[in-house]
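# Tertiary structure, described
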Amino acid sequence: MKILVINGPNINMLGIREPGIYGTNTYGDLLALIQTSAKEMGVQVKHFQSNHEGAIVDEIQAAYGKFDGIVINPAAYTHTSVAILDALKAVGIPAVEVHISDVDNREEFRKISYAGLACVKTIKGHGLQGYREAMEYLVAQYG
Ligand code: CA2
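Here's a quick rundown of the structure. Computed from a predicted structure; not experimentally measured.

## A short note on the layout of surface pockets
Space inside the largest pocket adds up to approximately 460 Å³. Together, 19 residues line the largest pocket, and P9, N10, I11, E18 and Y22 are the ones closest to its centre.

## Quick look at the packing of helix 2 (residues 27-41) against helix 5 (residues 129-142)
Between helix 2 and helix 5, whose axes approach to 9 Å, the crossing angle comes to 25°. It follows that helix 2 is roughly parallel to helix 5 by the angle criterion. As for how helix 2 packs across helix 5, the hand of that crossing is right-handed. Contacts between helix 2 and helix 5 involve L30, L33, I34, S37, A38, E40 and M41 on the former and, on the latter, Q129, Y131, R132, M135, E136 and V139.

## Things to note about the packing of aromatic side chains
Enumeration over the complete set of coordinates arrives at zero aromatic pairs. Geometry around F67 places K2 over its ring, the cationic atom sitting 5.4 Å from the centre.

## A word on the site of the ligand
Around the ligand sit 16 residues, and of these N73, H79, I100, S101 and R110 come closest. Between the ligand and H99 there is a distance of 3.0 Å, counted from an oxygen atom to a side-chain nitrogen or oxygen. Between an oxygen atom of the ligand and a side-chain N or O atom of R110, the distance comes to 2.7 Å. Contact with the protein chains removes 91% of the 510 Å² of surface that the ligand exposes when unbound. Its atoms largely coinciding with the cavity grid, the ligand occupies the largest pocket.

## A few points about unusual backbone geometry
Glycine aside, negative phi is the norm for most residues, and most peptide bonds take the trans geometry. A positive phi angle is found at N10, which is not glycine, with a value near 75°. Assignment of secondary structure puts N10 in the loop between strand 1 (2-7) and helix 1 (19-22). Of note, the phi angle at A75 is positive, near 55°, even though the residue is not glycine. Looking at the element boundaries, A75 is found in the loop between strand 3 (69-73) and helix 4 (82-91).

## Some remarks on the packing of helix 3 (residues 53-62) against helix 4
As a packed pair, helix 3 and helix 4 sit with axes 9 Å apart at the nearest point and diverge in direction by 5°. Considering their axes alone, helix 3 and helix 4 lie roughly parallel with respect to each other. Taken together, the residues of helix 4 that come into contact with helix 3 (itself represented by E53, I56, V57, I60 and Q61) are A83, I84, A87, L88 and V91. Partitioning the contact of helix 3 with helix 4 into residue classes produces eight nonpolar, one polar and one charged.

## Focus on the environment of Y27
Along the polypeptide, Y27 turns up in helix 2. In this structure the C-alpha to C-alpha distance between Y27 and N10, which are 17 residues apart in sequence, comes to 9.7 Å. When residues no more than four places from it in sequence are discounted, the contact partners of Y27 are I11, N12, L14, H47 and Q49.

## A short note on the sheet that holds strand 3
One open sheet holds the five strands; their spatial order is 2-1-3-4-5, and the pairing between them is parallel. Of all strands in the sheet, those with a lone pairing partner are strand 2 (44-49) and strand 5 (121-124), marking the two edges. Neighbouring strand axes in the sheet, compared pairwise and without regard to direction, differ in orientation by 20° on average. The pairing of strand 1 with strand 3 spans five bridges and is parallel.

The rules we used
- Residues numbered from 1 in each chain as written.
- Predicted model: local features only at pLDDT ≥ 70, side-chain atom pairs only at ≥ 80, totals over all residues.
- Heavy atoms only, no water.
- 1 Å grid on protein atoms, 1.4 Å probe; cavity = no way out; pocket = protein on both sides within 12 Å on 5 of 7 lines; lining within 4 Å.
- Points joined across faces, edges and corners; volume = space filled by probe spheres on them.
- Axes fitted to C-alpha atoms, helices over the stretch in contact; angles between N-to-C directions.
- Helix = DSSP H or I, 4+ residues; strand = E, 2+ residues; numbered from the N terminus.
- Parallel < 35°, antiparallel > 145°, perpendicular 65-115°, else oblique.
- Left-handed = near helix turned anticlockwise from the far one by under 90°.
- Contact = heavy atoms within 4.5 Å.
- Phe/Tyr/Trp six-rings, centres within 6.5 Å; stacked < 30°, edge-to-face > 60°.
- Lys NZ or Arg CZ within 6 Å of the ring centre and 35° of its normal.
- Near = heavy atom within 4 Å.
- Polar contact = N/O pair within 3.5 Å; in protein donor to acceptor, adjacent residues only side chain to side chain.
- Areas by Shrake-Rupley, 256 points an atom, 1.4 Å probe, with all protein chains shown as cover.
- Sits in = over half its atoms within 2 Å of the grid points.
- Nonpolar A, V, L, I, M, F, W, Y, C, P; charged D, E, K, R; others polar.
- Pairing = 2+ DSSP bridges.

Listed below in structure tokens is the structure:
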């Protein structure tokens, strides 16, 4: 099974500020967790991070026919991007939405998720472990 993990804007800054919301782990720790999880689950994984909406759309489109599952944290684009929603719908690859923080218990605007409308599952507020849980779900359901 091949899983594509996509992270949106500012996720590469994890651990630098706002530890009360996002924890103290760094972006490097997240990459290590994804790699270790993939190895343990016996799946292939590619990780992609961008601060640009169009680049994320391009990456989702390029996954068509190449990946069996997507784990996506669109970060701030979660709450604004119809383009990412449409790209996920266009490729039809099972996608799990992940949020490190509990977006339902923050500002009102974070309760809205466009990308989530195209996802088979959403995991929120489980910290970095949410990425591992998302990968486990894809393996269990589609592996
Ligand atoms: O909880 C999540 O995973 C989010 O997707 C993270 C986004 C935020 O816009 C979403 O509402 C929820 C933010 C990404 C990281 O932002 C940072 C902010 C300060 C310091 C480091 C990263």
